[in-house]
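So the chains spell out like this:
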Amino acid sequence: MVPPSSLGLNMKDHTAADDYDLIRQCLDGDTDKFSFLVERYKSMLFSLAYRMLGDQDAANDMAQESFISAYVGLKNFHYGSKFSTWLYQILMNKSRDYLRAGKNKVSVDEIAELKSDPKATPEEAASSHQTSDAVQKALDGLPPEYREVIVLKHIEELDYHEISEILGVSVSALKVRAYRGREMLRKLLEEAGMNHA
């Protein structure tokens, strides 16, 4: 499975009310409706987990565990919040636990292959793959609190207010982390022989 470039790919096709309706149906006993939520958000969760962990298998595991936790804790969901934000919170906590446990050792071979542009020459495809590998390795080199903000803000393109809700950190602190994280990422990419961040 290739991680999508953005979490927002299928997010515009429904509203929060659609999610709330599915959640209510699940809580009323129609538990099969949860599969619609899984289908709707599985790419989003995998993408975020992959960017946080840099490992395809670990990302799949974290996404699955997050859906299980969401299903078990569905009665604790607060209407008025976005279901996607709640899932982000669950996934970020699981990813932090995974990283704290020291399971974030990733070899270059474990980084998922990127989907190549079918019109690209073999040289262009190889260059794109090398660039993406270098970016993922640089992300892996960031401390988790900086990696989280960089992934959520600059890769997944969330706004600071949603990131604040997900991470439980003030917007001003997030902006500082984003700035520092970008600087660290730029240095790591320069060390890897890339001239841009």
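Scroll up for the structure.
Rules used throughout
- Residues numbered from 1 in each chain as written.
- Predicted model: local features only at pLDDT ≥ 70, side-chain atom pairs only at ≥ 80, totals over all residues.
- Heavy atoms only, no water.
- Salt bridge = Lys/Arg side-chain N within 4 Å of Asp/Glu carboxyl O.
- Helix = DSSP H or I, 4+ residues; strand = E, 2+ residues; numbered from the N terminus.
- Buried < 20%, exposed > 50% of the residue type's maximum accessible area, 1.4 Å probe, protein only.
- Contact = heavy atoms within 4.5 Å.
- Axes fitted to C-alpha atoms, helices over the stretch in contact; angles between N-to-C directions.
- Nonpolar A, V, L, I, M, F, W, Y, C, P; charged D, E, K, R; others polar.
- Phe/Tyr/Trp six-rings, centres within 6.5 Å; stacked < 30°, edge-to-face > 60°.

**Q** I'd like to hear about the pattern of salt bridges, residue by residue, with values.
**A** Counted under the stated rule, the structure contains 7 salt bridges. Residue R40 pairs with D19 through a salt bridge whose shortest N-O separation is 2.5 Å. Residue R40 is located in helix α2 (residues 34-53), and its partner D19 is located in helix α1 (residues 16-27); the two are separated by 21 residues in the primary sequence. Owing to a relative accessible area of 23%, R40 belongs among the partly exposed residues under this scheme. Its relative accessible area of 3% is what places D19 among the buried residues. The closest approach of N and O atoms between K42 and E39, which form a salt bridge, is 3.2 Å. Pair noted here: K42 and E39 are both in helix α2, with a separation of 3 residues, about one helical turn. Taking relative accessible area as the criterion, K42 reaches 36% and is therefore assigned partly exposed. Salt bridges here are not isolated pairs; linked through shared partners, they connect E183, R186 and E190.

**Q** Got a sec to walk through the environment of M62? Specific residues and values, please.
**A** Within the secondary structure, M62 sits in helix α3 (residues 56-72). In sequence terms M62 and K94 are 32 residues apart; their C-alpha atoms lie 6.6 Å from each other. Residues contacting M62, with those up to four places away along its chain left out, are A49, L53, L91, K94, S95 and Y98.

**Q** Would you mind going over the packing of α1 against α2 in detail, with residue names and values included?
**A** What describes two packed helices is the angle between their axes and the distance between those same axes. Relative orientation of the contacting elements α1 and α2 amounts to 145°, with a least axis distance of 8 Å. Contacts between α1 and α2 involve D18, D19, L22, I23 and C26 on the former and, on the latter, F34, F36, L37, R40 and Y41. By residue class, the composition of the contact of α1 with α2 is 7 nonpolar, no polar and 3 charged.

**Q** Now, about the packing of aromatic side chains: what can you tell me, with residues and values included?
**A** Describing an aromatic ring pair means giving the distance of the ring centres and the angle of the ring planes. On inspection of all chains with the given rule, the structure shows 10 aromatic pairs. On the basis of an interplanar angle of 50° and a centroid distance of 6.0 Å, the ring pair of Y20 and F77 is categorised as tilted. Of this pair, Y20 sits in helix α1 while F77 sits in the loop between α3 and α4 (83-100); the two residues are 57 residues apart in sequence, bridging distant segments of the chain. For the pair Y20 and F77, a shared accessibility class is recorded, and that class is buried. Aromatic pair F46 and Y50: ring centres 6.0 Å apart, planes at 25°, arrangement stacked. A residue pair is termed a helical-turn pair when its members lie 3 or 4 positions apart in one helix, as F46 and Y50 do in helix α2 at 4 residues.

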